[in-house]
Amino acid sequence: MRRPVITARAAATFEPVGRSVATARAFVRDTLQGWGLPDIVDDAVVLTSELVTNAVVHAGTAADVLCLRTDSGIRIEVGDRYPERDLPLQNSGRQLAHPDREGGRGLLLCGALASGWGVEYSPTHKQVWFRLDLTERLAGTRSAGPALPTDALPVADSRVRVAVVQIDRGGAVSSWNDGAQELFGFAAEQVIGKPFADLAAWPHTPGTGTGSAEALQLSRWEGSYGIRGTDGRVVPIYASHLRVRDAEGEPSTVCLLVRDHERAVLQTTLRAPSSGDGSQGSGDSRGPAADPFEVFIGSPAPDDLDGLLQRTVERARDMLDGDAAYLLLATDDETELEVRASTGLPSARQRFARVPVEAGTGRYGSARMPAVHEDLTVVPGAVPLLGGTGMRSVVTVPLKVEGRLTGSLGVAAESPGRYTNEEALRLQFAADRIALAVERARLTELERLRRGSLSFLVEASDLLAGTLDRDQTLALMAQMTVPTLATWCAVFTVADPTSEPELSYVLHEDEDRIDGLKTLLGKVPPPDPVPTPGARVWTAPSEAAHSAALRSSLRNLGLDDPSRLAAGPGPSLATASAVGGETVVLPLVARNRVIGMLTLGKPSEEHFRQEILELAEDLSRRAALALDNARLYSERTAISQSLQRSLLPPELPEVPGVEVEVIYRAAGEGNEVGGDFYDLFPIRDGAYGFAIGDVCGTGPEAAAVTGLARHALRLLAREGFSGPAVLERLNAAILDEGARSRFLTLLYGELWPQQDGSAVLKVVCAGHPLPLRLRQDGSVEPAAEPQPLLGVMEDLELYEQTITLDRGDVLLCVTDGVTERREGTRMLGDDGLLDVLTTCTGLTAGAVAARILRAVERFAAEPASDDMAILAMRVPELPDA
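Here the structure is a predicted model, which means the values were calculated and not measured.

So, the pattern of salt bridges
Move 1: The full count for this structure, using the stated rule, is 33 salt bridges.
Move 2: In this structure, Glu-182 engages Arg-159 in a salt bridge whose closest nitrogen and oxygen atoms are separated by 3.7 Å. Placement of the pair is Glu-182 in helix H4 (residues 178-184) and Arg-159 in the loop between strand E5 (125-133) and strand E6 (163-168), with a sequence separation of 23 residues.
Move 3: For Glu-182, a relative accessible area of 40% gives the class partly exposed.
Move 4: With a closest N to O distance of 3.8 Å, Asp-806 and Arg-773 form a salt bridge. A residue pair is termed long-range when its members are at least 10 positions apart, and Asp-806 in the loop between strand E30 (801-805) and strand E31 (810-814) and Arg-773 in strand E28 (residues 772-774) qualify at 33 residues.
Move 5: If you follow the salt bridges from partner to partner, you end up with Arg-591, Asp-628, Arg-631 and Glu-635 in one network.

Next comes the structure, spelled out in structure tokens:
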């Protein structure tokens, strides 16, 4: 076998952390899209996600991802550094894991989605690879016409000229060949860069048919219009348009143009239909047998489902000379039919609308057998799709594959009695020829949608699992659905079983309509929080929107009733149009309780397709659990923060003649209080107590000792105990905690402001970093001596030291979260703190504390891992005379 030729490669290594899975998915998606391979992106992303998860989560090693592009497809290799043979080998008798199990799904998916896969081992490396082949497009013609005598050939000029014109994304001419110059007289430099609409003379009336701008946006288009020549006259032409994109992904439209009487050069022609006995007519019997499918649908046949269905209804309408035609596809259980294509009807507003086949109101009773309705006014509701369209007669036939109903094809006319059984037989003959092709295209589309859905859910689950913030979870839910699944989305939340649903988040793909949509939804009663799974239709927004549109129209005509207008919601007509389509509600159920509703909506008269509703239901289950987890986390955090705030001291008192500033930072997300604490409180007239301490550890356990210490200090100091006596009794209280006790470093002191402007302090430093005194001359010295810490020994002999702060002096007290700030192997330390403090001469207490904090934060880039408290006290200088 020929070895594949590698044409491009891309490689990356991902660390063994959970976020690497999402990064790997983005790497593969960007790589394949850059290579122009969108058809296989979803499968590749899903397989890569599972294999990288196996490496970084289960094996716990880095994952090496290598993408190789070959002439036949791609090969992706995922390797890890854990070479144990924990993956099943071929023919080993071991079974692949069940899809519901946590691990092992990667190989199961490889077997289901990949064209080939395998596992390779080395002493230090394990590699799983998979291959995805591109869809083969065989070279050659898809069909051939019969041999014709010369006099039967189409007439053309002696020299046929084909104009090739390329039009960019903005509708301007970007390429103009010599054939175009000969046909229309313009040289390339005269037209390049000008709007194509300036040259095209389009026959259609705007709003009633495909115009030039719309035709240039279609993937394929074929038809007649005119081009204005240099003499101002319009040259009738026949054109074939094909929309393409270049290697950078920039779209453009290539147009092939010939004179209208030479349209046979480009036109897709229909072959003569086969006779009823299966003969090929009077053509050359030696020619190839006509393909019954292409006899009806034409050649080349559209290669996508929507194009095939649209071509089908157009050919059916033309074949029976009807005014309209439509095609519906059956759901998997054949209980409903879904509108997929139509012509001559306002079907764009009803796309994906569903009607029951056999039971219920509005049933489609003529789906399983051919039927002719000579006058629909006699049997109203026989064909629900045609209600209010003005169609009188209709012929419908089923599309069946191996006896199973797959769809229904109908042709209608505005006059009664147009169709008979003969037309029904002709239409049934055509339907039988296309049914298998339609079913194959439908299954291909369904498989593509399901694979895309799997990729969508993988990334959605990863995003939802990445946050525990309630508001962010609500925003993610909406942003994942709009515009992928719906035009707009609203999330209602239910606080408890007795509460009414509350509108919590609204999103529309057009940001200008969000406010109007929120106003409208706020005025209508919310949907009932029913736990029944699945999507259910909610008509209130659409009814309110239509009512608002009616009131607006009456107001414009001067027929409005002001008393009635004031009572109802008044969104703009744009808002009414935005929510005028189908609206569905999916319950958000977590832990057997409805915690909200996910509401999805479409614009005027649009409907959801069944596959999208099933995907939305899967998403709602994942979103409900994520939202409930965020709710529980928020509740726990609120309780924790409320308890922590109760441990903080109340507002600090004003100390006459002394500036006091405190800065406190607790380590850890969501923590307001940790192991460090501070306090400043009045003891009696003219005397104030202050403290700064550090409990061993951080978090709630340390905060519990913090609360004990702070309340004990206040109580004992106000009972008249001296500093050493206060700390000795606190030491006994900590030891009484037993196994829950933690040792504590503490600087405690009493402060007396003096009449001369100085301040006297008596301090006890029990194992705490020594307080530093900054004098007016810039000198810094320790203001106390070290003594044993608390919570370790039962018998302590502590003593207090007296210091006097003169005018302009500063006393700085910190916890070890300041001095032990680290950046790699470096530490700020006592010397670093002293150097910073020497630069603070003349600053206020607040400025001193702020400068110390900036120095600590700038010392290291990483967030602090330890609690931190800074207490600065300063005796102001004498004011200038």
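So, next bit.
Section: the sheet that holds strand E21 (residues 583-590)
Move 1: Here we have 5 strands laid out as an open sheet, ordered E19-E18-E22-E21-E20, and antiparallel in their pairing. Of all the strands in the sheet, just strand E19 (502-508) and strand E20 (536-537) have a single pairing partner and so form its edges.
Move 2: Across 2 bridges, the pairing between E20 and E21 is antiparallel. Bridging across to E21, Val-537 finds its partner in Val-584.
Move 3: Running at roughly 40° to E19, helix H10 (residues 470-481) makes contact with strand E18 (488-493), E19, E21 and strand E22 (593-601) of the sheet.
Move 4: The sheet strands contacting helix H11 (residues 514-523) are E18 and E19, and the helix crosses E19 at an angle near 150°.

Describing the packing of helix H1 (residues 19-34) against helix H9 (residues 421-465)
Move 1: Remark: H1 packs on H9, axes separated minimally by 11 Å, with the N-to-C direction vectors making an angle of 140°. H9 is crossed by H1, and the crossing has left-handed handedness. Contact residues: H1 offers Ala-22, Arg-25 and Arg-29, while H9 offers Ser-455, Val-458, Glu-459 and Asp-462.
Move 2: A per-class count over the contact of H1 with H9 returns 2 nonpolar, 1 polar and 4 charged.

Comments concerning the sheet that holds strand E14 (residues 354-356)
Move 1: A sheet is described by the order of its strands in space; here 6 strands give the open sequence E14-E13-E12-E17-E16-E15, paired in antiparallel fashion. Where the open sheet ends on each side, the last strands, each with one partner, are E14 and strand E15 (371-373). The average angle at which neighbouring strand axes cross in this sheet is 25°, direction not considered.
Move 2: Direction of pairing for strand E16 (residues 393-401) relative to strand E17 (residues 404-413): antiparallel, over a ladder of 9 bridges.

Observations concerning the packing of aromatic side chains
Move 1: Enumeration according to the criterion identifies 5 aromatic pairs in this entry.
Move 2: Taking 6.4 Å as the distance between ring centres and 90° as the angle between the ring planes, the aromatic pair formed by Phe-196 and Tyr-225 counts as edge-to-face. Taken together, the residues span a long stretch of sequence, with Phe-196 in the loop between helix H5 (188-191) and strand E8 (200-201) and Tyr-225 in strand E9 (residues 220-228) at a distance of 29 residues. The burial state of Phe-196 is the same as that of Tyr-225; both residues are buried.
Move 3: Cation over ring: Arg-75 sits above Trp-129, and NZ or CZ is 4.2 Å from the ring centre.
Move 4: In this arrangement the basic side chain of Arg-826 is found over the ring face of Phe-859, its NZ or CZ atom lying 4.4 Å from the centre.

Describing the nonpolar core
Move 1: Core analysis: the biggest nonpolar cluster contains 50 residues, and Leu-464, Met-477, Leu-588, Leu-600 and Leu-619 have the highest contact counts within it.
Move 2: If you tally residues by element for this core, the top one is helix H15 (residues 610-647), at 9 residues.
Move 3: Other than its neighbours up to four places away in sequence, Leu-619 contacts Phe-456, Leu-457, Ala-460, Leu-464, Met-480, Thr-481 and Leu-485.
Move 4: Core analysis: the next-biggest nonpolar cluster, separate from the first, contains 33 residues, Ala-44, Cys-67, Leu-113 and Ala-114 among them.

With respect to the side chain of Asn-731
Move 1: Secondary-structure assignment places Asn-731 in helix H17 (residues 723-735).
Move 2: Once you skip the residues sitting within four places of it in the chain, Asn-731 turns out to touch Leu-790, Gly-791, Val-792, Met-793, Glu-794 and Leu-796.

Considering H1
Given 3.6 residues per helical turn, the α-helix brings residues three or four places apart onto the same face.
Move 1: With 16 residues, H1 should reach 22 Å at 1.5 Å per residue; the first-to-last C-alpha distance of 23 Å fits that figure.
Move 2: Along H1, the residues classified as buried are Ser-20, Val-21, Ala-24, Arg-25, Phe-27, Val-28, Arg-29, Thr-31 and Leu-32.
Move 3: Along its buried surface, H1 packs onto strand E1 (6-14), helix H2 (41-59), strand E2 (63-70), strand E3 (73-80) and H9.
Move 4: Gly-36 sits one or two residues past H1 and shows a positive phi near 75°.

Structural notes on unusual backbone geometry
Move 1: Here the residue pair Val-482 and Pro-483 is connected by a cis peptide bond, since its omega of 0° sits within 30 degrees of zero.
Move 2: Mapped onto the elements of the fold, Pro-483 is located in the loop between H10 and E18.
Move 3: For Asn-592, which is not a glycine, the phi torsion comes out positive at approximately 60°.
Move 4: Taking relative accessible area as the criterion, Asn-592 reaches 82% and is therefore assigned exposed.

Criteria and thresholds
Residues numbered from 1 in each chain as written. Predicted model: local features only at pLDDT ≥ 70, side-chain atom pairs only at ≥ 80, totals over all residues. Heavy atoms only, no water. Salt bridge = Lys/Arg side-chain N within 4 Å of Asp/Glu carboxyl O. Helix = DSSP H or I, 4+ residues; strand = E, 2+ residues; numbered from the N terminus. Buried < 20%, exposed > 50% of the residue type's maximum accessible area, 1.4 Å probe, protein only. Pairing = 2+ DSSP bridges. Contact = heavy atoms within 4.5 Å. Axes fitted to C-alpha atoms, helices over the stretch in contact; angles between N-to-C directions. Left-handed = near helix turned anticlockwise from the far one by under 90°. Nonpolar A, V, L, I, M, F, W, Y, C, P; charged D, E, K, R; others polar. Phe/Tyr/Trp six-rings, centres within 6.5 Å; stacked < 30°, edge-to-face > 60°. Lys NZ or Arg CZ within 6 Å of the ring centre and 35° of its normal. Core = buried A, V, L, I, M, F, W, Y, C linked by side-chain atoms within 4.5 Å. Expected span 1.5 Å × (residues − 1).

The quantities given are spatial measurements derived from coordinates; they are silent on function.
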